[in-house]
Amino acid sequence: MDIAFIGLGNMGLPMALNLQKAGHRVRGLDLAPAQVEALVAAGGEAARDIAHAVQGAQAVFTMLPASKHVERVWLGEDGVLAHVAPGTRVADCSTIAPEVARRVAQAAAGQGLALIDAPVSGGTGGAQAGTLTFMVGGDETALTAMRPLLEAMGRNIFHAGPSGCGQTVKICNNMLLGILMIGTSEALNLGIANGMDPKVLSSVMAQSSGRNWALEVYNPCPGVMDSAPAARGYSGGFGVDLMRKDLGLAVENALASGAAVPLGALARSLYDLHSQAGNGALDFSSVFGMLGKKG
Ligand code: NAD
């Protein structure tokens, strides 16, 4: 299949490469030339602009930073909707506000396109390994048509409900993750302040009622887990600023929907402070250091 892939960043590039590995022809577009060159080096094609990217494509994917980029790329004067043929399979995999996902899908529907929101979980490791989880909002038939392509990039594909529901699930999940990372960091730092070996403490809590993914798979304390970003100076992984963005989406959504998210709001403020101290590009588990006893 001929596929247009717009947004070849930390996530988009490995996702596009997995589509190629599955035998598809990918034409990629990104503002950063190095990202496009990496796709071309692996046998892909460089698009000159959006019109060129989607020309003749049977499927279009976008994997962009935030809502405003998605609005611009899909709805802009020279955007995807201005050029893509009716009936093309279309998906946005970025994490954005559910209401923006719905608005863009509505505009797409007006042109005979069933756009699905398909944000992902699993990080850059999952994107490279092709083991992402897709949380899909939109028409079931559109998802069925997209499924073989999503399966080239992911392992679990969930239909969350109508348009925007994929984004709602993603926001709920990441709010919980952000809170759990801070809670896990607090507990570990409390133990360390009392002379505990964090490895011992982690292994006991992992078998007790405090067990959670941040503790067991992504332990924030350096020296506990070789595979976690904490073992490599919190480089790579999922950035503090991306977590701030997702918590911001959760807090804004709670305001609009009348839900109460006091811990989500507090977590957002703590990551804000951590970012302001110059840590925005580090993995979000680096919040462990901010909470540690100084001196
Ligand atoms: P990234 O910043 O590495 O990549 C985004 C890419 O989009 C960049 O290369 C940028 O140049 C490109 N871009 C921006 N505007 C563009 C435009 N108008 N035309 C073409 N390209 C454009 O971000 P990422 O880590 O790949 O994340 C992408 C999305 O996936 C975000 O919404 C993020 O929240 C979500 N996400 C990220 C992770 C993760 O671990 N990094 C995990 C799950 C979900």
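Everything numeric in this text was worked out from a predicted model, so none of it was measured.

Novice: Can you walk me through the confidence of the model for the chain in this structure?
Specialist: Fine structural detail should not be taken from predicted coordinates in areas where pLDDT scores are low. Per-residue confidence for the chain gives a mean pLDDT of 97, with 100% of residues at or over 70. With pTM at 0.93, the complex prediction returns an ipTM value of 0.99.

Novice: Before we go on, may I ask you to explain the environment of Leu8 in this structure?
Specialist: With respect to the secondary-structure elements, Leu8 resides in the loop between β1 (2-6) and α1 (12-21). Assessed through its relative accessible area of 0%, Leu8 is described here as buried. With sequence-adjacent residues up to four places away left out, Leu8 is seen in contact with Leu13, Ala16, Gly28, Leu29, Asp30, Gln35, Val36 and Leu39.

Novice: What should I look at first to understand the site of the ligand in this one?
Specialist: Close to the ligand lie 23 residues, the nearest being Asn10, Met11, Asp30, Pro65 and Lys245. Met11 places a main-chain nitrogen or oxygen 2.9 Å from an oxygen atom of the ligand. Here Thr95 contributes a backbone N or O atom positioned 3.0 Å from an oxygen atom of the ligand. Look at the ligand: alone it shows 830 Å² of surface, and the protein chains cover 87% of it. Among the residues forming the shell around the ligand, the class breakdown is 11 nonpolar, nine polar and three charged.

Novice: What should I look at first to understand the packing of aromatic side chains in this one?
Specialist: Under the criterion given, the structure shown has five aromatic pairs. Taking 5.7 Å as the distance between ring centres and 20° as the angle between the ring planes, the aromatic pair formed by Phe5 and Phe61 counts as stacked. With Phe5 in strand β1 and Phe61 in strand β4 (residues 59-62), the pair connects residues that are 56 residues apart, well separated along the chain. For the pair Phe5 and Phe61, a shared accessibility class is recorded, and that class is buried. Ring centres of Tyr271 and Phe284 lie 6.5 Å apart, and the angle between their planes is 45°; on these two criteria the pair is classed as tilted. Of this pair, Tyr271 sits in helix α13 (residues 262-279) while Phe284 sits in the loop between α13 and α14 (287-291); the two residues are 13 residues apart in sequence, bridging distant segments of the chain.

Reading the values: the criteria
- Residues numbered from 1 in each chain as written.
- Predicted model: local features only at pLDDT ≥ 70, side-chain atom pairs only at ≥ 80, totals over all residues.
- Heavy atoms only, no water.
- pLDDT = per-residue confidence, 0-100.
- Helix = DSSP H or I, 4+ residues; strand = E, 2+ residues; numbered from the N terminus.
- Buried < 20%, exposed > 50% of the residue type's maximum accessible area, 1.4 Å probe, protein only.
- Contact = heavy atoms within 4.5 Å.
- Near = heavy atom within 4 Å.
- Polar contact = N/O pair within 3.5 Å; in protein donor to acceptor, adjacent residues only side chain to side chain.
- Areas by Shrake-Rupley, 256 points an atom, 1.4 Å probe, with all protein chains shown as cover.
- Nonpolar A, V, L, I, M, F, W, Y, C, P; charged D, E, K, R; others polar.
- Phe/Tyr/Trp six-rings, centres within 6.5 Å; stacked < 30°, edge-to-face > 60°.

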